[in-house]
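Each chain, letter by letter, is given below.
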Amino acid sequence: MYETTPPDDRRPLRIGMLGYAGMGKAHSNAYRTIPYIFWPGAFRPELTAITGRTEAKVREAAIRYGFQRYTTDWRTVVEDDEIDVFDNAGPDAMHVEPTLAAIDAGKHVACEKPLALSAADCERLYVAAERRGVKHLACFNYRFLPAVRLARELIDAGDLGEIREARFRYSQERGGDPEVSPWTAGTLNAIGCHVIDQARFLVGEIARVSAVITSPVSDRRAERGIETGVRMDTVAMAVEFDSGAPGLIDASSIATGRKNQLAWEINGSRGSVAWDLEDLNVLRVMRRGDRRLDGFAEVIVCEPWHPLAGVWWDTAHLLGWEHGHINMLAHFLDAVATGSPVAPYGATFHDGLRAAQVSEAAVESARTGRRIEVAAPAAVPAAVPVTQALSA
Ligand SMILES: NC(=O)c1ccc[n+]([C@@H]2O[C@H](COP(=O)([O-])OP(=O)(O)OC[C@H]3O[C@@H](n4cnc5c(N)ncnc54)[C@H](O)[C@@H]3O)[C@@H](O)[C@H]2O)c1
């Protein structure tokens, strides 16, 4: 028996993370899993430093997740010369300032959704990251589930023909009790940005939006003196994609009985695809051919020949929600290590900005009762390559 572990001489990518709650846990799990699943790989993430608000809890998180250092001062992490990648898994209101500081310090940056609470702030982040020449990732993790990627590949290959219409929904019930205030972010920031991103990822840019927004439960809470934050429980949008195809997008945090239903159906001239996060491994596919067999087939997208599934298990041993985060962060770190692009499969800060622009068009439409043009995308500024060399 050999007594020493041979050294892992893959390039280390040192991670500094803000936040140890749900997403801190999901991202830490990803960084710990990547080195042995994405084998041999060009890099290995190293959990270098974590920051959070409460010392005892951030210390516990450092021990539990395996970070070498911890602090309650996030500036110490973004300014740490040893950190290559800053991962912002903190609350929505903490996305802008720490991420901008990390960009300024030359770190590559991953940031949870929503990228920021306004399109203007998203644009600041996007422009800063492009100017500094760092890699940037907006954490729209659902792009990295195999069934979603397969749908995108079928659409890109023209297998569904011309996309003629599409329906997207994200329904949860967790905001439905007027006695409690489980979240204050408002439905667009909490889950609407995910479903908008799915629509853009699969069908394309959204040109115009007509929306109705309601807040029956938040209003009841406010009447009872319970904190409500952004009063927005349901958002229903009729949209027109750049292609001219119509779409429906809705998001609800008060959909009684719905736990986590991110679902869509996309109909083309030669076929259709449909998917539901509550049955995330299955893509329902219909392709025109033999008329006797017309109808949807259920494909379990977990075979070695499926996108994003090959590194995992064999013969349809199923994947879960966390695999979206693991696949996403592996893709991002590979881009950092090799210089390959994050887009088009990964969401960049540009995608975070575009989701915010669609959200703001929806809010404006609901306020005015008019159909609203989505703001034009920001011009891409000239990149200034980051000078800080990655740790060799
Ligand atoms: N992509 C997804 O699937 C998904 C799912 C849920 C939440 N989110 C997003 O992830 C982000 C994190 O959400 P969450 O539910 O994990 O946690 P949260 O929003 O409850 O954030 C809590 C964490 O942020 C830290 N924090 C807060 N203020 C701080 C400060 N001033 N300085 C340092 N640290 C501070 C806390 O210590 C804690 O670790 C949010 O933006 C949320 O919208 C994404």
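Here the structure is a predicted model, which means the values were calculated and not measured.

Asks: Tell me about the packing of helix α1 (residues 22–37) against helix α9 (residues 322–338), and name the residues and values.
Replies: Running from N to C, α1 and α9 cross one another at 60 degrees; their axes reach a closest spacing of 9 Å. Here α1 lies oblique to α9, going by the angle between them. For the element pair α1 and α9, the recorded crossing hand is right-handed. Contacts from M23, A26, H27, N29, A30, Y31, T33 and I34 in α1 reach E322, H325, I326, L329, A330 and L333 in α9. Looking at the contact of α1 with α9 residue by residue, the class counts come to nine nonpolar, four polar and one charged.

Asks: Would you mind going over the packing of aromatic side chains in detail, with residue names and values included?
Replies: For the structure on display, the rule yields four aromatic pairs. Judged by centre distance (6.3 Å) and plane angle (90 degrees), the ring pair of F38 and W312 falls under edge-to-face. Of the two residues, F38 sits in the loop between α1 and β2 (43–51) while W312 sits in the loop between β14 (297–300) and α9, which places them 274 residues apart along the sequence. For W312, a relative accessible area of 9% corresponds to the buried category. When the centroid spacing of 5.6 Å and the interplanar angle of 65 degrees are considered together, the rings of W312 and W313 count as edge-to-face. Cluster of aromatic residues (ring-pair linked, three or more members): F38, W312 and W313. Stacked on the ring of Y345, the Lys or Arg R149 has its end atom at 3.8 Å from the ring centre.

Asks: Report on the site of the ligand, specifying residues and quantitative values.
Replies: Taken together, 23 residues sit near the ligand, with Y20, M23, R53, D92 and N141 positioned nearest. Within the backbone of Y20, one N or O atom sits 2.7 Å away from an oxygen atom of the ligand. The backbone of G90 places a nitrogen or oxygen atom 3.2 Å from an oxygen atom of the ligand. Considering only residue class, the shell around the ligand consists of eleven nonpolar, eight polar and four charged.

Asks: Please set out the nonpolar core residue by residue, giving values where relevant.
Replies: General note: in soluble globular proteins, nonpolar side chains tend to be found buried as a group. Counting 81 residues, the largest nonpolar core has F168, M237 and L283 as its most contacted members. Element by element, the count of residues in this core is highest for helix α7 (residues 187–202), at nine residues. Ignoring sequence-local partners within four residues, the contact set of M237 consists of L188, I196, V209, S210, A211, G247, L248, I249, V358 and A362.

Asks: Account for helix α2 (residues 55–65), with residues named and values stated.
Replies: Within the sequence span of α2, burial applies to V58, A61, A62 and Y65. With its buried residues spanning 100 degrees around the axis, α2 presents them on a single face. Facing away from the buried side of α2 by over 90 degrees, the exposed positions are A56, E60, I63 and R64. Buried residues along α2 sit in contact with α1, β2 and β3 (69–71). Just downstream of α2, G66 is the residue with a positive phi angle, here 95 degrees.

Each value, and the rule that gives it
Residues numbered from 1 in each chain as written. Predicted model: local features only at pLDDT ≥ 70, side-chain atom pairs only at ≥ 80, totals over all residues. Heavy atoms only, no water. Axes fitted to C-alpha atoms, helices over the stretch in contact; angles between N-to-C directions. Helix = DSSP H or I, 4+ residues; strand = E, 2+ residues; numbered from the N terminus. Parallel < 35°, antiparallel > 145°, perpendicular 65-115°, else oblique. Left-handed = near helix turned anticlockwise from the far one by under 90°. Contact = heavy atoms within 4.5 Å. Nonpolar A, V, L, I, M, F, W, Y, C, P; charged D, E, K, R; others polar. Phe/Tyr/Trp six-rings, centres within 6.5 Å; stacked < 30°, edge-to-face > 60°. Buried < 20%, exposed > 50% of the residue type's maximum accessible area, 1.4 Å probe, protein only. Lys NZ or Arg CZ within 6 Å of the ring centre and 35° of its normal. Near = heavy atom within 4 Å. Polar contact = N/O pair within 3.5 Å; in protein donor to acceptor, adjacent residues only side chain to side chain. Core = buried A, V, L, I, M, F, W, Y, C linked by side-chain atoms within 4.5 Å. Arc of directions from axis to C-beta.

Worth remembering: the numbers are spatial, not functional.
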